[in-house]
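Observations on the three-dimensional arrangement
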Amino acid sequence: MKKKLWSVILVLGLMLAILSAGAIAAPSDIENHWAETYIEALHAKGIMNGDNQGRFRPNEPISRAELATLVNQAFGFVNDAGKVFVDVKPGDWFAKTVSIAATQGYLQDVDNNRMYPSATVSREQTAVMVARILNLTESGSNSSSFKDSEQISGWAKGMVGAVNQKGYMVGNDGSFRPAAPLTRGEAATIIARILNKEAAHVNDSTTRYDMVYLQSLNGGFVDTIAQYAEEEGLTVDAFKSLCTKAAGDMTAEELVKMNKIRAKQMNPTPDTLMQK
């Protein structure tokens, strides 16, 4: 009996030693990375996760499908019109993701109804997507301030200027690098900046749920919304309390929850989503 007990203790001790050594020997691949803070912020909110080995690969280009996943998660987009594309199979992990993105209008097919989900996303394409999501007003003057402004495509100049004016995409060393593939670290930074309290107010307003959202429900919001609030971990009272707060006064977590609730209730558009 004693031999069995000691055997169990020995095995447990070895397992703990192995686990401890593994934890120490496997530092995060974002440690000391310039985007570390932004990635950690999104990871803490469940918006951005690493691969099955816990790596975030911040310097690797992000694909169109991966970016759509981050955006949908961050803004609570769930409305799906069942969009079908030639190069997207029903069983693909990103099938629903890109359909939702296309339904929201920020991700569009490239040609002949093809989505190219595995293709990279250029920085100027990203600027256009962000501007569409946030319904930003074009600003050509801001894009002309970049040293490489002549390399920015005509169809993207106004949008690049708009996101730069808001501080969501600021470039590097005076250059925007419009054709460069967006990296996973850059994607996390842009989304975190939008969700962060320090980001500029969208459309110069701090829209309240009780003025825009609840009025659209014709007064019967408690019965209609209760189940959605509970799904996001909010009691009815907690939800009603958040309804009295301006978007700019909400935490990133509160903003994400409220937008998810809105998305479940109605088809959200850039001007009806709660934004900072």
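Thresholds, definitions, all that
- Residues numbered from 1 in each chain as written.
- Predicted model: local features only at pLDDT ≥ 70, side-chain atom pairs only at ≥ 80, totals over all residues.
- Heavy atoms only, no water.
- Helix = DSSP H or I, 4+ residues; strand = E, 2+ residues; numbered from the N terminus.
- Contact = heavy atoms within 4.5 Å.
- Phe/Tyr/Trp six-rings, centres within 6.5 Å; stacked < 30°, edge-to-face > 60°.
- Buried < 20%, exposed > 50% of the residue type's maximum accessible area, 1.4 Å probe, protein only.
- Lys NZ or Arg CZ within 6 Å of the ring centre and 35° of its normal.
- pLDDT = per-residue confidence, 0-100.
- Axes fitted to C-alpha atoms, helices over the stretch in contact; angles between N-to-C directions.
- Parallel < 35°, antiparallel > 145°, perpendicular 65-115°, else oblique.
- Left-handed = near helix turned anticlockwise from the far one by under 90°.
- Nonpolar A, V, L, I, M, F, W, Y, C, P; charged D, E, K, R; others polar.
- Expected span 1.5 Å × (residues − 1).

Considering the environment of Ala81
Secondary-structure assignment places Ala81 in the loop between helix H3 (64-75) and helix H4 (95-104). The spacing of Ala81 and Ser99 is 18 residues in sequence and 7.0 Å in space, taken between C-alpha atoms. Setting aside its immediate chain neighbours within four residues, Ala81 contacts Ser99 and Thr103.

Observations regarding the packing of aromatic side chains
By the definition in use, this model includes four aromatic pairs. Between the aromatic rings of Trp93 and Phe94, the centroid separation amounts to 5.3 Å while the plane-to-plane angle is 80 degrees, which identifies the pairing as edge-to-face. A relative accessible area of 9% means that Phe94 is categorised as buried. Taken together, the ring pairs connect Phe75, Phe77 and Tyr106 into an aromatic cluster. If you follow Arg123 out to its NZ or CZ, it ends over the ring of Phe176, 4.6 Å from the centre.

Considerations on the environment of Ser149
Secondary-structure assignment places Ser149 in the loop between helix H6 (140-143) and helix H7 (157-166). Judged by relative accessible area, Ser149 falls into the buried class, the value being 13%. When the C-alpha positions of Ser149 and Ser175 are compared, they lie 7.7 Å apart, and in sequence the two are 26 residues distant. Sequence-distant contacts of Ser149, that is, excluding residues within four places in its chain, are made with Ser143, Ser144 and Lys157.

A closer look at the side chain of Asn142
For Asn142, the position within the fold is in helix H6. Residue classification places Asn142 among the buried residues on the basis of a relative accessible area of 19%.

Considerations on the confidence of the model for the protein
Taken as a whole, the protein shows an average pLDDT of 77; of its residues, 72% reach a score of 70 or greater. Every residue in residues 2-27 is under pLDDT 50, and counting partners more than four places away or in other chains gives zero contacts. Per-residue pLDDT stays below 50 along residues 197-221; that stretch engages in 65 contacts with residues further than four places along the chain or on separate chains.

Thoughts on the packing of helix H2 (residues 36-44) against helix H8 (residues 184-195)
One way to put it is that H2 packs onto H8 with a least axis distance of 8 Å and a crossing angle of 70 degrees. Comparing their axes, H8 and H2 come out roughly perpendicular. In this structure, H2 meets H8 at a crossing whose hand is left-handed. When H2 is examined against H8, the residues Tyr38, Ile39 and Leu42 are found in contact with a partner set consisting of Gly185, Ala188, Thr189, Ile191, Ala192, Arg193 and Leu195. Broken down by class, the residue content of the contact of H2 with H8 amounts to seven nonpolar, two polar and one charged.

Focus on H8
In an α-helix, one turn spans 3.6 residues; hence positions three or four apart end up facing the same way. With twelve residues, H8 should reach 16 Å at 1.5 Å per residue; the first-to-last C-alpha distance of 17 Å fits that figure. When we look at burial in H8, the residues that qualify are Arg184, Gly185, Glu186, Ala187, Ala188, Thr189, Ile190, Ile191, Ala192, Ile194 and Leu195.

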